[in-house]
Every structure is written in C-alpha cells, then in structure tokens.
Amino acid sequence: ARRFLAKTMANMMFTNMMSTSSPCSRGRTGGASRRPCFIMASPRPRPNPPSTRCAASPSGERNTASPDSSSQRRDGEYYPSKVLWPGIEKTDAYLRKMDFRAKKSLGQNFMIQENVLSKTVAYAGVQKGDRVLEIGSGTGNLTRYMLAKGAEVVCVEKDDRLHEAFVKEFEEEVKSKRLKVVHADVMRWLTERDRRERELAASGGSVDQMLRFDKVVANLPFNITTDLLKFLLPRYKSVFRPPTGSPESRPSGDVFLLLQDEAARRLCECRAGDSNYRAMNVLVDCFCSSTEYLFKIDRKAFFPAPNVDGALAHFKIRPREEALSVGQVGDTVVTSKQFHTFVNQCFSRRRKMVKNNIPSNMFGADEVARVMEELDLGAETRPQDLSCEQYLSMLHKLQSLKNSREAESA
C-alpha cells in the first residue's frame, strides 16, 4: 500500500510539472532544427494524500471486507477487518488505530509473517486439549494460531494498552474460557504463584488447584528471554502438569523461546571447553534434559524490525531434584539458588582460574584446592573448561566439607 501510494504521488507530480510548463524558443544555435525547451512554471497546490490512519466505520461496526477492497475506503479513511492477523499492513493499521508506538524500553517487536507463526506452532506441537502458557501475547498473531489448533491458552501481557485491546479483540474466546488473559509482568506473576503455592502447602490445602501447563511458548523481547529462561529452569513442578488423562505420566517440560539468533545458538550448541561457554550454558545443561536450535527467523519477520535476526529454540526442562542430584555426596542437599550463585561466582572473571574466583567467605581456599585435586582438575582450570556435572560434583563436595567443618566447630 505504501509503495503504491508513493508511485501514485510521483506520477501526479510528473503530470503536474508537464501540464504547468511552457515552451520557449530557446534552443541550440546555428542549426535549422531547433528543439523547444520547457521552463517550469510555479506548481499548482496539490491536495493532501488520503490518510492511512485507521478509524472506526461511520456506523460503529467492523467492516468485514478484505483490507484491499475499495468498499473499505470511504472519504480517505482505511477500515481494516481483522487487524490482529499476520501482515505488515494489518498489524501496522491496528497499531495506528490505537495510536500505539512500540516501546523501546520493553523491546517490542511484533511477529507479522504467517509462515513463521505456523512453523512455531508446528514445532511446538500444539494440539487440541493442550494448555499453553503464552508469554508476551502482543497483538495476538500467535495466539490465533494456537487457538485454531484447539488449545487452551493463558496469555500474560505486561503492556497496559495492548492488554486492553487484546481483551476486547478476543472477547468471545475469553467468555468461552478457551483463553485467559493475565495483565502482569510474567516473572512477578510466577513469583506470586510460588508464594501462594507455599501458603497452600503450609495450610494443608491442595496445590492441585494451581493452574499448570503442558507447554510454554514465548515471543518475548530479545533483552529478557535469557532472564525468563533462567527464571523458568528451576520451576518444573510449579509450571508444568502431567499429560491429560494420565496423571502418573511425567510432565513434558517443553519451553519454546524466541531468542536472538546468536544467543539461541550459544545456548543450544556450545559445550564445555568452547570459548563462548558461559554460566547460562551451565544452568541450561543442568536443568534441561535436551536443547535444540529449531530454525532461524529473519529480522524482517518482525514489525518494527530489530537490528538482529531471531531464532526459535526448544528447551526440555527436567525436575529440579533430578537435576541437582548429580554428584551428590551422602545426605548433602544443594538448592537451585546455591548452585546458581556458585556458578555465577565461578564465571565472575572468565579469564581467571576457577580457584581464584571462589571467595573465602563461600568456601575456604584449602577446601577448594582439595576438591579440585579429588576431581582431577588442574590448578589452572578456567570456568569455561568445566562441564555441568563437574560443577555439581565440585559444589556437593565443597558443601559437604563445609557442613562437616561447621558441625565440628559447633
């Protein structure tokens, strides 16, 4: 539509220039065949181009014709039908209708290509009967695809105006209870769920009434996806539910995240010993039974387009107790918070040796040297050289020595 409008305006300007020009007798001298030249006259005032801003129809009803139909253009106004449907024109029209600008502080980029949305739903294996947690519903493009598969969707949206418009657009789905919309920051919302679950358990109530999910699908800003993944990793039991009809079966733990392409490759493909192996890789290897880089997403699939390409990645989370039991020594118990803190401390200076990154107020230098020797780790071992299993074994042994020392001093 924009290219057509620009081309039309260019033709109008050229026609106007030619119609207002006047020939003169000046030409090339010294020849019988003289060509007339044209002197530009002052241009006529041009009317303003028709506005492309969306507005409600005069009757107040939604126009159901196609966006390209001439019946939707009246008095220079544009009346889109399903504005919350993939496509640059319709998504742009919807945001213009709301007078909405994507917030850079929230990193808002909306998915607009249908083939990417359909591939995302296909890779996620969304089917009838699934309960899906969608984080960052935005304009609802991905939500429509999952609802079309017969899934029950719970959307969490932080932006005030998008949430308000989303509820109005999906009013029928909300009434039929196929869709639930939560207006909150997802990490605060999950933290509040954890608090309520602890209160129910302490009061003897049933925690089964807490809403749990089969899959998590997140089309989030690139700048918070790793933080969200880090937040979800130790919450296997509080987020996921067993498959419908078989409560004894194990929950899937499937998380499908849209990440920056570089981050997705690093999290899914880097292994211990690689130069790009980081603390987040250790946490993912610990709490996920498998990871998979699914497909790359061109930056042009978003509106407005970001500066980097995206990618869809699959993380299969496993129970916290199972993840942290590797290398366990006796009855020593290591919490996810302890492991997270220990790994981050080891990576606090990536080029330094591991033994120099562990502070004395956490574990003594003699204990660290003793444990590293027991694990056949060299004194010059760097953080990126250790695997997830080695970090767990090291932490379990150090915690066991610390517990013994504290018991003796007591």
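Reading the values: rules and limits
- Residues numbered from 1 in each chain as written.
- Predicted model: local features only at pLDDT ≥ 70, side-chain atom pairs only at ≥ 80, totals over all residues.
- Heavy atoms only, no water.
- Axes fitted to C-alpha atoms, helices over the stretch in contact; angles between N-to-C directions.
- Helix = DSSP H or I, 4+ residues; strand = E, 2+ residues; numbered from the N terminus.
- Parallel < 35°, antiparallel > 145°, perpendicular 65-115°, else oblique.
- Left-handed = near helix turned anticlockwise from the far one by under 90°.
- Contact = heavy atoms within 4.5 Å.
- Nonpolar A, V, L, I, M, F, W, Y, C, P; charged D, E, K, R; others polar.
- Phe/Tyr/Trp six-rings, centres within 6.5 Å; stacked < 30°, edge-to-face > 60°.
- Buried < 20%, exposed > 50% of the residue type's maximum accessible area, 1.4 Å probe, protein only.
- Lys NZ or Arg CZ within 6 Å of the ring centre and 35° of its normal.
- 1 Å grid on protein atoms, 1.4 Å probe; cavity = no way out; pocket = protein on both sides within 12 Å on 5 of 7 lines; lining within 4 Å.
- Points joined across faces, edges and corners; volume = space filled by probe spheres on them.
- Salt bridge = Lys/Arg side-chain N within 4 Å of Asp/Glu carboxyl O.
- Polar contact = N/O pair within 3.5 Å; in protein donor to acceptor, adjacent residues only side chain to side chain.
- Expected span 1.5 Å × (residues − 1).
- Arc of directions from axis to C-beta.
- Disulfide = S-S within 2.5 Å.
- Core = buried A, V, L, I, M, F, W, Y, C linked by side-chain atoms within 4.5 Å.
- Pairing = 2+ DSSP bridges.

Participant: Which residues make up the packing of helix H8 (residues 225–232) against helix H11 (residues 279–287), and what values do they have?
Facilitator: Remark: H8 packs on H11, axes separated minimally by 10 Å, with the N-to-C direction vectors making an angle of 40°. By the criterion of interaxial angle, the relationship of H8 to H11 is oblique. Viewed along their axes, H8 and H11 form a crossing whose handedness is left-handed. Only Met280, Leu283 and Val284 of H11 make contact with H8, whose side of the interface consists of Thr226, Leu229 and Lys230. The class makeup of the residues in the contact of H8 with H11 is four nonpolar, one polar and one charged.

Participant: Give a description of the packing of aromatic side chains that names residues and reports values.
Facilitator: One pass over the full model with this rule turns up seven aromatic pairs. Between Phe347 and Tyr391, the aromatic rings sit 6.0 Å apart at their centres with planes inclined by 35°, giving tilted as the arrangement. Of this pair, Phe347 sits in the loop between helix H13 (336–346) and helix H14 (354–357) while Tyr391 sits in helix H16 (residues 388–409), and the two are 44 residues apart along the sequence. Using a relative accessible area of 0% as the deciding quantity, one classes Tyr391 as buried. Clustering of aromatic rings is evident, with ring pairs tying together Phe342, Phe347, Phe363 and Tyr391. In this structure, Lys119 is placed above the aromatic ring of Phe295, and the distance from its NZ or CZ to the ring centre is 4.1 Å. One residue, Arg193, lies across the ring of Trp189, its end atom 5.2 Å from the ring centre.

Participant: Which residues make up empty space enclosed by the protein, and what are the values?
Facilitator: All told, the structure shown has one cavity of 30 Å³ or more when counted by the stated rule. As for the largest cavity, its lining consists of Met111, Val116, Leu117, Thr120, Leu142, Val217, Ala218, Asn219, Leu258, Ile297 and Leu312. Contributing elements (two or more residues each) for the lining of the largest cavity: helix H3 (114–124) and strand E9 (215–218). With three residues, the top contributor of residues to the lining of the largest cavity is H3. When grouped by side-chain class, the residues that make up the lining of the largest cavity number nine nonpolar, two polar and no charged.

Participant: Account for the environment of Thr335, naming residues and giving values.
Facilitator: By the element assignment, Thr335 lies in the loop between helix H12 (320–324) and H13. The class of Thr335 is partly exposed, set by a relative accessible area of 38%. Considered as a pair, Thr335 and Leu324 are 11 residues apart in the sequence and their alpha carbons are 7.5 Å apart.

Participant: So what about the pattern of salt bridges? Which residues, and what values?
Facilitator: Opposite charge on two side chains allows them to pair when their charged atoms are near. For the coordinates displayed, the defined rule picks out 22 salt bridges. With a closest N to O distance of 3.0 Å, Lys215 and Asp130 form a salt bridge. With Lys215 in strand E9 and Asp130 in the loop between H3 and strand E6 (131–135), the pair connects residues that are 85 residues apart, well separated along the chain. Comparing Lys215 with Asp130, the two get one shared label, buried. A salt bridge links Arg144 to Glu169; its shortest N-O distance comes to 2.8 Å. One end of the pair, Arg144, is in helix H4 (residues 141–148); the other, Glu169, is in helix H5 (residues 160–169), with 25 residues separating them in the sequence.

Participant: Which residues make up the side chain of Arg193, and what are the values?
Facilitator: In this structure, Arg193 sits in helix H7 (residues 186–202). Side-chain polar atoms of Arg193 contact the backbone oxygen of Ser238, separated by 2.6 Å. Beyond its immediate sequence surroundings of up to four residues, Arg193 is in contact with Met210, Leu211, Arg212, Phe213, Ser238 and Val239.

Participant: Please provide a residue-by-residue account of H16, values included.
Facilitator: The end-to-end C-alpha distance of H16 is 32 Å, a good match for the 32 Å that 22 residues give at a rise of 1.5 Å each. For H16, the full list of buried residues reads Cys388, Tyr391, Leu392, Ser393, Met394, Leu395, His396, Leu398, Gln399, Ser400 and Leu401.

Participant: Any chance you could break down the side chain of Gln399 for me, citing the residues and the numbers?
Facilitator: Tracing the chain through its elements places Gln399 in helix H16. Gln399 sits in the buried class, given a relative accessible area of 12%. Excluding anything up to four places from it in sequence, Gln399 contacts Thr332, Gln338 and Phe363.

Participant: Please give an account of unusual backbone geometry that cites residues and values.
Facilitator: The phi dihedral of Lys177 is positive, around 65°, even though this residue is not glycine. For Asp376, which is not glycine, the phi dihedral falls at a positive 60°. Along the chain, Asp376 turns up in the loop between helix H15 (365–374) and H16.

Participant: Explain H13 to me, and be specific about the residues and the numbers.
Facilitator: Within H13 the residues assigned to the buried category are Ser336, Phe339, Phe342, Val343 and Cys346. End-on, the buried residues of H13 take up no more than an arc of 130°, which puts them together on one face. Along its buried surface, H13 packs onto H11, H12, H14 and H16.

Participant: Describe the state of the cysteines, listing the residues and the values that go with them.
Facilitator: Summed over the entire model, instances satisfying the criterion amount to zero disulfides. Considering cysteine sulfurs only, Cys388 is the nearest to Cys286, which forms no disulfide, with 4.2 Å between them. Judged by its relative accessible area of 3%, Cys388 falls in the buried class.

Participant: Please provide a residue-by-residue account of the nonpolar core, values included.
Facilitator: Ranked by size, the top nonpolar core spans 65 residues in total, and within it Leu233, Phe315, Phe339, Phe342, Ile358, Tyr391 and Met394 carry the most contacts. In contact with Phe342, other than residues within four places in its own chain, are Ile358, Met362, Phe363, Tyr391, Met394, Leu395 and Leu398.

Participant: Please provide a residue-by-residue account of the sheet that holds E9, values included.
Facilitator: Reading across the sheet, the seven strands line up as E8-E7-E6-E9-E10-E13-E11 and stay open at both edges, with mixed pairing between neighbours. Here the strands that pair on one side only, and so sit at the sheet edges, are strand E8 (179–183) and strand E11 (288–297). Adjacent strand axes in the sheet meet at a mean angle of 20°, parallel and antiparallel pairs treated alike. Of the strand pairs in this sheet, E11 and strand E13 (residues 310–317) are connected by eight bridges, and their pairing is antiparallel. Across the sheet, residue Tyr293 finds its bridge partner in E13, namely Ala313. Across the sheet, H8 lies against E6, E9, strand E10 (254–260) and E13, angled at about 160° from E10, the strand it touches most.

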